[in-house]
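# Chains, contacts and geometry: an overview
For reference, the chains in residue letters:
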Amino acid sequence: GATSGTGVCFTRDPNCGENSLFGEFLIDAQGEDVVAGIRTPQPISELEACMPDVYKEFKTNTDILEKHYGDMQDIEFTIQEGKLFMLQTRTGKRGG
């Protein structure tokens with residue numbers, strides 16, 4: 001439903017290193033829907049307007065993860081009925 005979704009995100013822009021979230025998410029989706037190409041995902045920045053509390057928690061978590069691992073993170077997450085679940089994080093690969 002409208003309070004659930006899934007997404008992928010880097011803690012920084014992998015192309016230039018800018019310190020801003022870089023990723024995509026889909027409302028009313030799950031698992032691989034974001035990368036499957038069936039629907040067009042929204043930029044991660046739009047999550048703040050759709051689900052402000054979830055976005056705030058997500059941003060806090062991404063800051064903690066990057067600080068803990070000392071490098072840009074590539075993160076997978078899901079939202080179920082307004083509750084955020086951080087599924088996986090790994091060191092992100094940089095472009096260019």
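Relevant structure appears above.
Residues numbered from 1 in each chain as written. Predicted model: local features only at pLDDT ≥ 70, side-chain atom pairs only at ≥ 80, totals over all residues. Heavy atoms only, no water.

### Things to note about the pairing of strand 4 (residues 73-80)
Convention followed: Burial here depends on accessible area, computed with a 1.4 Å probe over protein chains only, as a share of the maximum for the residue type. Under 20% is buried, over 50% is exposed, and the range in between is partly exposed. Helix and strand definitions follow DSSP, with helices as H or I runs of at least four residues and strands as E runs of at least two, each counted in order from the N terminus. Note on pairing: two strands pair once DSSP finds at least 2 bridges between them.
Judged by how many residues are buried, strand 4 sits mostly within the fold: six of eight residues are covered. Where strand 1 (residues 5-10) meets strand 4, six bridges bridge the pair, whose relative direction is antiparallel. Pairing of Val8 across the sheet is with Glu76, part of strand 4. Bridging between strand 4 and strand 5 (residues 83-91) involves eight bridges; their strand directions are antiparallel. Bridge pairing links Phe77 to Met86 in strand 5. The loop that links strand 4 with its antiparallel partner strand 5 comprises two residues; one of these, Glu81, has a positive phi angle of about 45°.

### What about the sheet that holds strand 2 (residues 22-27)?
Heads up, the rule is: Contacts are assigned to residue pairs that have any heavy atoms within 4.5 Å of one another. To obtain an axis, a line is fitted to C-alpha atoms, over the contacting stretch when the element is a helix, and the angle between two such axes runs from 0 to 180 degrees between their N-to-C directions.
Strand order across the open sheet formed by five strands is 3-2-1-4-5, with antiparallel pairing between neighbours. For this open sheet the edge positions go to strand 3 (42-43) and strand 5, each flanked by a neighbour on one side alone. Packing against the sheet, helix 3 (residues 52-69) makes contact with strand 1, strand 4 and strand 5, and its axis sits at approximately 25° to strand 5.

### Things to note about the packing of aromatic side chains
Applied cut-off: Stacked, tilted and edge-to-face are the three classes assigned to paired rings of Phe, Tyr and Trp, where Trp is represented by its six-membered ring and a pair needs centres within 6.5 Å; plane angles under 30 degrees give stacked, over 60 edge-to-face, the rest tilted.
Applying the stated criterion to the full structure yields two aromatic pairs. Taken together, a centroid distance of 6.4 Å and an interplanar angle of 50° make the contact between Phe10 and Phe22 tilted. With Phe10 in strand 1 and Phe22 in strand 2, the pair connects residues that are twelve residues apart, well separated along the chain. On the numbers, 4.5 Å between centres and 45° between planes, the contact of Phe58 with Phe77 is tilted. Taken together, the positions of Phe58 in helix 3 and Phe77 in strand 4 put the pair 19 residues apart, joining distant regions of the chain. Given the relative accessible area of 0%, Phe77 is considered buried.

### What about the nonpolar core?
To keep it simple, the criterion reads: Here, nonpolar core refers to any group of buried Ala, Val, Leu, Ile, Met, Phe, Trp, Tyr and Cys residues whose side-chain atoms link them within 4.5 Å.
Of all hydrophobic cores here, the largest spans 15 residues; its most connected members are Ile44, Leu47, Phe58, Phe77 and Ile79. Residue assignment for this core shows that the elements contributing at least two residues are strand 2, helix 3 and strand 4. Counting residues per element, this core draws most heavily on helix 3, at four residues. Non-local contacts of Phe77, meaning those with residues more than four positions away in its chain, are made with Thr6, Gly7, Val8, Cys9, Phe25, Ile44, Leu47, Phe58, Leu84, Phe85, Met86 and Leu87.

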